[in-house]
Amino acid sequence: NAGVTQTPKFQVLKTGQSMTLQCAQDMNHNSMYWYRQDPGMGLRLIYYSASEGTTDKGEVPNGYNVSRLNKREFSLRLESAAPSQTSVYFCASRRTSGGSADTQYFGPGTRLTVL
Amino acid sequence: LAKTTQPISMDSYEGQEVNITCSHNNIATNDYITWYQQFPSQGPRFIIQGYKTKVTNEVASLFIPADRKSSTLSLPRVSLSDTAVYYCLVGDIYNAGNNRKLIWGLGTSLAVNP
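The following paragraphs examine the structure supplied in this document.

## Here's the deal with the overall build of chain A
No. 1: Across its full length, chain A holds 0 helices and 11 strands.
No. 2: Secondary structure of chain A in N-to-C order comes out as β-β-β-β-β-β-β-β-β-β-β.
No. 3: Taking 115 residues into account, the globule formula puts the C-alpha radius of gyration at 13 Å, and chain A, at 14 Å, falls close to it.
No. 4: The principal-axis extent of the C-alpha atoms belonging to chain A is close to 45 × 30 × 25 Å.

Written as C-alpha cells, this is what we have:
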C-alpha cells in the first residue's frame with residue numbers, strides 16, 4: 001500500500017514548455033486534489049475531482065488542466081509553463097464516504113521550477 | 001467560509017506539553033475541525049479531527065469548547081521530531097466539493113529545542 005505517489009519529484013522547465021504531473025493513489029478513494037504551495041502562503045487548491053469522471057476548479061486554476069484518468073489516477077498539466085508556476089505541487093486523495101474521521105492523504109510533492 | 005487564526009510560530013523544549021490554539025469565530029454548524037502536520041519537503045499529514053468537546057488519539061488531543069469558536073491541539077511530551085508546521089482547518093467534511101472551501105493558512109511553525 002503505497003498511498004499517494006507523485007512523479008516526477010523534481011522538474012525544471014523553460015518558460016513556454018509543457019509538462020504533466022502524475023498522481024496515483026491505491027486507497028480506492030473517490031476524491032482527488034491538486035494543490036500548490038508557495039513560500040509565505042498556505043496550500044492553495046488548483047483543481048479537484050470529487051469522483052471518477054468529474055473535475056472542478058479550485059482557487060487557482062488558471063494555467064492548468066487536469067484529467068481524472070480513472071479512479072486511481074489524477075494528472076495535472078501545464079500547457080505553457082510560466083515562472084509564476086514555480087512552486088511545490090501536492091496531490092491528495094480523500095475518502096468521502098463519511099463515517100469516521102475524514103482525512104486527506106498527501107503525496108510527497110513535485111518541486112517545479114520554471115525558468 | 002470559516003477562516004482560522006493561529007500563532008505563526010512557537011518554541012518548546014523536549015519533554016514539554018505543547019498547546020496550539022486556533023480561532024475560528026465563524027465556524028458553521030456542519031463544520032469539523034481538522035489538524036494536519038507538515039514536515040519540510042513532505043506533504044501534510046492528518047493528526048486529529050473533532051466536532052466538539054475532546055478527542056484523543058495516540059498522537060495528540062484536541063480540545064473544543066462548547067461555543068466551538070476555538071480549538072486547541074495538545075501534543076504531550078514533544079520530541080525533536082515534532083518540529084513541523086501545524087495547520088488548523090475548519091470545514092464541512094461530508095461534502096467532497098467543500099474541500100475547495102477549506103482555507104489552508106500559514107499554520108504554526110513549531111520548533112522543539114533540545
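Back to the text.
## Quick notes on the packing of aromatic side chains
The geometry of an aromatic ring pair comes down to the distance between the two centres and the angle between the two planes.
No. 1: If you walk through the whole model with that rule in mind, you get 8 aromatic pairs over all chains.
No. 2: An angle of 85° between the planes, with centres 6.5 Å apart, marks the rings of A:F90 and A:F106 as edge-to-face. Residue A:F90 is found in strand β9 (residues 87-94), and its partner A:F106 is found in strand β10 (residues 104-106); the two are separated by 16 residues along the sequence. One exposure class covers both A:F90 and A:F106, and it is buried.
No. 3: On the basis of an interplanar angle of 55° and a centroid distance of 5.1 Å, the ring pair of B:Y32 and B:Y51 is categorised as tilted. Here B:Y51 lies in the loop between β4 (45-50) and β5 (53-56) and B:Y32 lies in strand β3 (residues 32-38), a separation of 19 residues in the sequence.

## So, the pairing of strand β1 (residues 4-7) of chain A
Residue and element names in this part refer to chain A.
No. 1: Alternating residues of β1 divide into V4 and Q6, all buried, and T5 and T7, none buried.
No. 2: Here β1 runs beside strand β3 (residues 19-25); their pairing, made up of 4 bridges, is antiparallel. Each residue of the ladder has a partner; that of Q6, found in β3, is C23.

## Some points on the pattern of salt bridges
All names here are of chain A.
No. 1: Per the stated rule, a full pass over the model turns up 3 salt bridges over all chains.
No. 2: In this structure, R77 engages E79 in a salt bridge whose closest nitrogen and oxygen atoms are separated by 3.1 Å.
No. 3: Classification of R77 as partly exposed rests on a relative accessible area of 30%.

## Focus: the sheet that holds strand β8 (residues 84-91) of chain B
All names here are of chain B.
No. 1: Pairing in this open sheet of 5 strands is mixed, and the strands run β1-β9-β8-β3-β4 from one edge to the other. The open sheet is flanked by β1 (9-13) and β4, the only strands paired with a single partner. Neighbour-to-neighbour, the strand axes of this sheet turn through a mean angle of 25°, independent of strand direction.
No. 2: Here β3 runs beside β8; their pairing, made up of 7 bridges, is antiparallel. Its bridge partner lying in β8, Q38 is registered against V85.

## Digging into the state of the cysteines
No. 1: All chains considered together, the criterion is met by 2 disulfides over all chains.
No. 2: Note on cysteine connectivity: A:C23 is disulfide-linked to A:C91, with sulfurs 1.9 Å apart. Between A:C23 and A:C91, the disulfide has an S-S torsion of -75° and is therefore left-handed. Placement of the pair is A:C23 in strand β3 and A:C91 in strand β9, with a sequence separation of 68 residues. For the pair shown, A:C23 and A:C91 are each scored as buried.
No. 3: The residue that forms a disulfide with B:C22 is B:C88, at a sulfur-sulfur distance of 2.2 Å.

## Examining the sheet that holds strand β6 (residues 61-64) of chain B
Residue and element names in this part refer to chain B.
No. 1: Spatially, the 4 strands line up as an open sheet ordered β2-β7-β6-β5, and their pairing is antiparallel. A strand with exactly one partner marks an edge of an open sheet, and here the two such strands are β2 (18-23) and β5. Adjacent strand axes in the sheet meet at a mean angle of 15°, parallel and antiparallel pairs treated alike.
No. 2: As paired strands, β5 and β6 are joined by 4 bridges and run antiparallel to one another. Residue T53 lies in a different strand from β6, and its bridge partner there is I64.

## Describing the environment of A:S31
Residues and elements named next belong to chain A.
No. 1: Mapped onto the elements, S31 comes out in strand β4 (residues 31-37).
No. 2: Separated by 59 residues in the primary sequence, S31 and F90 place their C-alpha atoms 14 Å from one another.
No. 3: Within the local environment of S31, its side chain forms a polar contact with the backbone oxygen of A50, the two atoms lying 3.1 Å apart.

Procedures and definitions
Residues numbered from 1 in each chain as written. Chains lettered and ligands numbered in written order. Predicted model: local features only at pLDDT ≥ 70, side-chain atom pairs only at ≥ 80, totals over all residues. Heavy atoms only, no water. Helix = DSSP H or I, 4+ residues; strand = E, 2+ residues; numbered from the N terminus. Rg over C-alpha atoms; globule rule 2.2 N^0.38 Å. Phe/Tyr/Trp six-rings, centres within 6.5 Å; stacked < 30°, edge-to-face > 60°. Buried < 20%, exposed > 50% of the residue type's maximum accessible area, 1.4 Å probe, protein only. Pairing = 2+ DSSP bridges. Salt bridge = Lys/Arg side-chain N within 4 Å of Asp/Glu carboxyl O. Axes fitted to C-alpha atoms, helices over the stretch in contact; angles between N-to-C directions. Disulfide = S-S within 2.5 Å. Polar contact = N/O pair within 3.5 Å; in protein donor to acceptor, adjacent residues only side chain to side chain.

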